[in-house]
Amino acid sequence: MTFDKKLTVSASPHLRNGVTTTGIMLDVIIALFPASAAAVILFGYRTLAVMAVTIASALLSEYITVKILKKPGTLSDLSAVVTGLILALNLPASIPLWMAAIGSVVAIVVVKQFFGGLGQNYVNPALMGRIVLFVSFPAAMSKWTNALAQGGVEAVTTATPLALLKDLGAGTSVSELTAAGSLPGLWQMFCGVRPGSMGEVCIAALLFGGLYLLVRKVISPAIPFAYIGTVALIMLIAGKGDLNFLAYEIMGGGLILGAFFMATDYATSPANTKGRIIFGIGCGIITSVIRLFANMPEGVSFSILLMNILVPHIERITAVKPFGTLKEPKKKKGEAK
Amino acid sequence: MSLKRTGVIRKAAAKPRGGVAVAHHKNTADMPAERLPAPPTVILPMQQHIGAPCEPVVKVGDTVGLGQLIADSERPVSAPIHASVSGKVTAIGETPLPNGVISPSITIESDGEMRLFEGIAPPKIETKEDFIKAVRDSGLVGLGGAGFPAHIKLNTPPGKEVDTLIVNVAECEPFITVDYRECLDNSWDVLSGICTIREFLGIKNVIIAIEDNKPLAVEELKKLAANSCNAKQNIQVTVLKSRYPQGAEKVIIHAVTGRKVPPGKLPADAGCLVMNVASVAFVARYLKSGKPLTSRSLTVDGSAIAEPKNVRVPIGTDIGYIIEHCGGFKTDPYKLLMGGPMMGLALIGPNIPLLKQNNAILAFSANDRRTKTERPCIRCGRCVKACPMLLTPFAIARFARTDNFEKLEPLGATACMECGCCAYACPSGIPLVQYMRLAKSMHSEQEAKK
């Protein structure tokens, strides 16, 4: 028996498919490209600076943390780039650059690396970064510029469509607001000509990116469909069948961005389909409740955050039994144990 | 689609849950098995089956004929071993098996005559017991790769009723084409084997399950089914979508009958008997000739093999000898496999004897190296989606790594059949099958403690 040193001896399987973590992250970046490009067109070149700052500070803080914690480097998996980019798309175009950088540092250092790095964080890092900025700098984080505004991002500050809907008093209807010119038209909503975060406004670009992720099988349709479907259902009831109101609620705020790009984050969503549906429905309910009853026009970030925390419990109740496991016969009442 | 309209198929073959799509690479599909010249020596390990190893019944220096019994065991789960060449027993020693275990073995030097042992005669069979004994005497083990003694499988445990025989022609592992060739080249043996097994075991339904990437074999089997024993006892051919691991016992039972075999249970619990097509054909040949299992067909393929082909060789032939007769290595192999690329064993060298259950030898050059850098789990759920046994491999891997049996136990890792789908699909390159094995060994350790 000769031992052939040239032969590799390893456990089966001896084949691997071509999907890699880096490839998945790259796909997410590609899918975010239309929304990023739309942000540049709608809000001007300042958005590029914001994206550059969030991505660069995400990479830098990841590099420094893994060096200090003496962990293997993870820069090449592109996950920090994704976090930085998603955070940027969640910020107003007028955000001071240093604030944007703080958001990235919080996302990477506190939320991701402190909890064990890639795949171990229990809430979405970009989302947490946004929320930290939101509660720390409420003024800067609610300074919405209208898209395609003349005179740069500092020029006009307006209320978002959702904020307008929130203040919808008795007697005024959605169509009246549109007619008065205070609400953008539906077509403008779809194309992104309205105030809002850099990346959330252009629904067309987001859907394009979401479709790309679905086609590439990076995400499963369960979460976005359950999420958007639940919001649609509740808003249909809340608006007493007003389809106009429904359309504004679906396209307004960060729902599409959140449903396709943030709620679907692997580390912070359930890994099986049943759990994903429950997760999506939960996000939808909380979003709707915040929008309808809370003192805020928008609820996507908080709803995903809350559901992120519930993921271990969702996974526990939706745990699938191995193939063919027999259902335990129900114990009859009064039966001796 | 046209296949479904003929009415022979009872059930539209739905895409099975889980599994992965692997490239088929059935390069040797057009090549009938070629009989190789007898090797100068054969080494017959005493452990060529699941169960108790055999004890030699010959001595060094004995002259043996082809097909003569040389080793047997008293234990129920075992299969006797026969001389695969005629010649002289030169050594009773030890030899490494593909999985690294050292097994006692008998070495026979061939006299080059392949002289049949005088005692060989077709077995006389009247009852089911005779039939099962005959199958045991033939030394047959599952030829599809598992190597489970066939007589144990055929002997339905009391209290269980088997009403369906599934002939497994799925051959879902890439590269391997021997089962496909068996259908085309020995179709009458297949039919005769089916009829015999059905008759002696009193089985009502016979389903031949085949993947849709073998249209010629489907046609041949349908012709066969149409000509079968009699009109009432028809044989059904079910065409399944090609998907790995369609040929796994529990998966194929579910695909063709809709029945589920619970974890830890046997196919008989679902009323099914699954047999590899080559095993079925062998039963027919054995009953006709009385010649036990001494040779088998296998696929020799892979990018490092100069002339890929299907060959028929005596059991115990040195793998290096087989590769030499397939033109040797075209390039330096980086990996040498016994079995398919998904479940096969990587060998430490070419000097290992061929076992009864080995259906392929594959050698790959370094260009075909498929590895990924191992990164942390991102919980993407691809392993969960790929697992045909509905397990959660990433969680099992995590608790196996952290030695947390309390959390591991409810995940049911023992249902894992190590098909490799999870590791194939993992984007982070985590060796999930190894973790599954670790988890399974943790289960058996705890079992032993009880």
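Along each chain, residue indices are assigned from 1 in the same order as the chain's sequence is written. Going through the entries in the order they are written, you letter the chains from A and number the ligands from 1. Whole-chain, interface and lining totals are the exception, using all residues; otherwise, since this is a predicted model, local features are given only for residues with pLDDT of at least 70 and side-chain atom pairs are given and counted only at 80 or more.

Draft legend 1. Representation of the overall build of chain A. For chain A, the count of helices and strands is 15 helices and 0 strands. To assign burial, the other C-beta atoms lying within 10 Å of each residue's own C-beta are counted, with C-beta atoms placed from the backbone; 20 or more indicates buried, 12 or fewer indicates exposed, and intermediate counts indicate partly exposed. Taken across its 337 residues, chain A has 50% of its residues classed as buried. Secondary structure follows DSSP: runs of H or I at least 4 residues long count as helices, runs of E at least 2 residues long count as strands, and numbering of each begins at the N terminus.

Draft legend 2. The arrangement of the interface of chain B and chain A in detail. Across the contact, 50 residues belong to chain B and 36 residues belong to chain A. Elements represented by at least two residues in the side of chain B that touches chain A include exactly β15 (333-338), α12 (421-425) and α13 (432-449) of chain B. No other element matches β15(B), which puts 5 residues into the side of chain B that touches chain A. Note on contacts: residues are paired as contacts if their backbone-placed C-beta atoms lie within 7 Å.

Draft legend 3. Fine view of the pairing of strand β8 (residues 102-110) of chain B. All names here are of chain B. Here strand β2 (residues 41-45) pairs with β8 via 5 bridges, running antiparallel. If you follow Val42 over to β8, its bridge partner there is Ile108. Note: two strands are recorded as paired if DSSP finds a minimum of 2 bridges between them. Strand direction decides the pairing type here: strand β7 (residues 87-96) and β8, joined by 9 bridges, are antiparallel. Residue Lys88 lies in a different strand from β8, and its bridge partner there is Glu109. In this antiparallel pair of consecutive strands, β7 and β8, the connection spans 5 residues, and Gly100 shows a positive phi of 95°.

Draft legend 4. How the structure looks around unusual backbone geometry. Between A:Ser12 and the following residue, A:Pro13, the backbone shows a cis peptide bond with an omega angle of -5°. Along the chain, A:Pro13 turns up in the segment before α1 (21-43). A cis amide bond links B:Tyr244 to the next residue, B:Pro245, at an omega of -5°. With respect to the element layout, B:Pro245 can be found in the loop between β11 (235-240) and α6 (249-257). Positive phi, normally seen in glycine, also occurs at A:Leu78, with a value near 65°. Within the secondary structure layout, A:Leu78 lies in the loop between α2 (46-68) and α3 (79-89).

Draft legend 5. Spatial organisation of the sheet that holds β2(B). What the 4 strands build is an open sheet, ordered β2-β8-β7-β4 (chain B); its pairing is antiparallel. Either end of the sheet is taken by a strand with one partner, and the two such strands are β2 and β4 (63-64) of chain B.

Draft legend 6. Local environment of the sheet that holds strand β6 (residues 81-82) of chain B. Residues and elements named next belong to chain B. Here we have 3 strands laid out as an open sheet, ordered β3-β5-β6, and antiparallel in their pairing. Strands at the two margins of the open sheet, each flanked by one partner only, are β3 (55-56) and β6. Note that β3 and strand β5 (residues 69-72) share 2 bridges and pair antiparallel. For Pro56, the partnering residue across the bridge sits in β5 and is Ala71.

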